[in-house]
Amino acid sequence: VGRGAAEPAPPAAGEAIVTPTVRDIAAAAEAPVNGYSPDLERIEIQLLLEGIYRHYGFDFRAYAYASLRRRIWKRIDSDGLKTISALQDRVLHDPAMMERLLLDLSINVTAMFRDPGFYVAFRRDVVPALRTYPFIRIWHAGCSTGGEAYSMAILLEEEDLYDRARIYATDINEVVIRKAKEGIFPLDRMQEYTQNYLRAGGTRSFSEYYTAMYDGALFAPRLMRNIVFSQHNLVTDRSFAECNVILCRNVLIYFDRTLQQRVHKLFHESLPMYGYLGLGSKESLRFTGFEDNYEAVDRREKIYRKIK
């Protein structure tokens, strides 16, 4: 317990005592692990990331260090390894290990109608402009398992815009892209998703959009017809199309400032004049070099329109 911290409460009767591992404590305190000096640990992490980039083409070198560090030690613990160098040896010689580490390093948190206020603002402030377009292209960058892409498909269908829309849903991780294409979500999350949908301004019954099967919910094939799921690396890949809307929500917070600027340059080049950019609640255009190129449509919900 750190100086000045309160003593932890004793466990209740019958409650299991969970002892944190050395790495749990180190990850929280950003302290050395297994006798590593911080300098040696950073060197080995840099070598691991460089090896991944050169051998597999995935570039995590400019991701936020503290987050990467925690995720790397989690994988080391899970596979019973002792050092970062041991993980590097396994990763470079075993593609299956690389796939497991990629799941750890990539950001795979999503939900249907996540942050409902964003969708309320999108309906109110962006949809009227989209009605004036003959065809609508929307890019979901960092789509994970597709929850927000399907949410946008539902919103556009309810606004009678889906027939002339194309949603490009991309992620660095092929595993989650394959899962997104299936359109199957955990059945036990449907109550949460229904509440999100209603708070997001949904106009129908959410159960109309999926069929319950065993422990999964299969979303209607009509929602998939205009979604293109594809692998895309924001760090190394270029723009693939000019899009009227780009949504990249709660992804950039895991990048360092240099990489954020690079990605914002990609987004700016991919948007036409008066195109829309949607960011996550903890993300900002400040210090990106592009703040003056946008006007705030809804500052609270982080929706912006390109003006130059």
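Residues numbered from 1 in each chain as written. Predicted model: local features only at pLDDT ≥ 70, side-chain atom pairs only at ≥ 80, totals over all residues. Heavy atoms only, no water.

(A) Main features of the packing of aromatic side chains. Within this structure, the stated rule accounts for 19 aromatic pairs. Taking 4.7 Å as the distance between ring centres and 55° as the angle between the ring planes, the aromatic pair formed by Tyr 63 and Phe 255 counts as tilted. Of this pair, Tyr 63 sits in the loop between α2 (38-56) and α3 (65-78) while Phe 255 sits in the loop between β7 (245-248) and α12 (257-270), placing them 192 residues apart in sequence. Like Phe 255, Tyr 63 is buried. Above the plane of the ring of Tyr 65 lies Arg 42, whose end atom (NZ or CZ) is 3.8 Å from the centre. In this structure, Arg 61 packs its charged tip against the face of Tyr 53, placed 3.8 Å from the ring centre. (Phe/Tyr/Trp six-rings, centres within 6.5 Å; stacked < 30°, edge-to-face > 60°. Helix = DSSP H or I, 4+ residues; strand = E, 2+ residues; numbered from the N terminus. Buried < 20%, exposed > 50% of the residue type's maximum accessible area, 1.4 Å probe, protein only. Lys NZ or Arg CZ within 6 Å of the ring centre and 35° of its normal.)

(B) Representation of the layout of surface pockets. Taken as a whole, the largest pocket holds about 210 Å³ of empty space. In terms of lining residues, the largest pocket is bounded by Leu 234, Val 235, Thr 236, Asp 237, Arg 238, Ser 239, Arg 262, Lys 265, Leu 266 and Glu 269. Classifying every residue of the lining of the largest pocket by side-chain character gives three nonpolar, two polar and five charged. (1 Å grid on protein atoms, 1.4 Å probe; cavity = no way out; pocket = protein on both sides within 12 Å on 5 of 7 lines; lining within 4 Å. Points joined across faces, edges and corners; volume = space filled by probe spheres on them. Nonpolar A, V, L, I, M, F, W, Y, C, P; charged D, E, K, R; others polar.)

(C) Highlighting the nonpolar core. By size, the foremost hydrophobic cluster in this structure holds 47 residues, and its most contacted members are Leu 156, Phe 206 and Phe 219. Among the elements that line this core, the one with the most residues is helix α8 (residues 147-158), at seven residues. By size, the runner-up hydrophobic cluster in this structure holds 46 residues, among which are Ile 52, Leu 101, Cys 243 and Ile 246. (Core = buried A, V, L, I, M, F, W, Y, C linked by side-chain atoms within 4.5 Å.)

(D) Broad picture of the pattern of salt bridges. Under the criterion given, the structure shown has 21 salt bridges. Between Glu 157 and Arg 222 there is a salt bridge whose closest N-O contact spans 3.1 Å. Taken as a pair, Glu 157 in helix α8 and Arg 222 in helix α11 (residues 221-224) lie far apart in primary sequence, 65 residues in all. A relative accessible area of 12% means that Glu 157 is categorised as buried. Of the residues examined, Arg 222 reaches a relative accessible area of 32% and is grouped as partly exposed. (Salt bridge = Lys/Arg side-chain N within 4 Å of Asp/Glu carboxyl O.)

(E) Inspection of the side chain of His 232 at higher detail. With respect to the element layout, His 232 can be found in the loop between β6 (227-231) and β7. A polar side-chain atom of His 232 sits 2.9 Å from the main-chain carbonyl oxygen of Arg 238. Apart from residues no more than four positions distant in its own chain, His 232 is found in contact with Trp 139, Thr 170, Asp 171, Ile 172, Asp 237, Arg 238, Phe 240 and Leu 266. (Polar contact = N/O pair within 3.5 Å; in protein donor to acceptor, adjacent residues only side chain to side chain. Contact = heavy atoms within 4.5 Å.)

(F) View of the sheet that holds strand β4 (residues 210-213). The strand order across the open sheet formed by three strands is β3-β5-β4, and the pairing between neighbours is antiparallel. The sheet is open, and its two borders are formed by β3 (184-186) and β4, each paired with just one other strand. When strand polarity is set aside, the average angle formed by the axes of neighbouring strands in this sheet is 30°. Pairing of β4 with strand β5 (residues 216-219), which is carried by four bridges, proceeds in the antiparallel orientation. From the neighbouring strand, Tyr 210 faces β5, where its bridge partner is Phe 219. (Pairing = 2+ DSSP bridges. Axes fitted to C-alpha atoms, helices over the stretch in contact; angles between N-to-C directions.)

(G) Looking closely at unusual backbone geometry. With a phi angle near 55°, Asp 115 is a residue other than glycine that sits in the positive phi range. Despite not being glycine, Lys 302 shows a phi value in the positive range, around 60°.

(H) Molecular detail of α12. In a regular helix each residue adds 1.5 Å, so 14 residues correspond to 20 Å; α12 covers 20 Å between its end C-alpha atoms and thus fits that length. Capping the start of α12 is the job of one residue whose side-chain oxygen sits 3.3 Å from the backbone nitrogen of Thr 258: Asp 256. (Expected span 1.5 Å × (residues − 1).)

(I) Up close: the sheet that holds β7. Spatially, the seven strands line up as an open sheet ordered β6-β2-β1-β7-β8-β10-β9, and their pairing is mixed. Every other strand in the sheet has two partners, leaving β6 and β9 (294-298) as the edge strands with one partner each. Between one strand axis and the next, the sheet turns through 20° on average, direction left out of account. Inspection of the sheet shows β9 paired to strand β10 (residues 303-306) by four bridges, in the antiparallel sense.

(J) Seen up close, the environment of Arg 71. Mapping Arg 71 onto the fold places it in helix α3. Overall, the relative accessible area of 21% leaves Arg 71 in the partly exposed class. Sequence separation between Arg 71 and Ser 106 is 35 residues; the distance between their C-alpha atoms is 9.5 Å. Within the local environment of Arg 71, its side chain forms a polar contact with the side chain of Ser 67, the two groups lying 3.0 Å apart.

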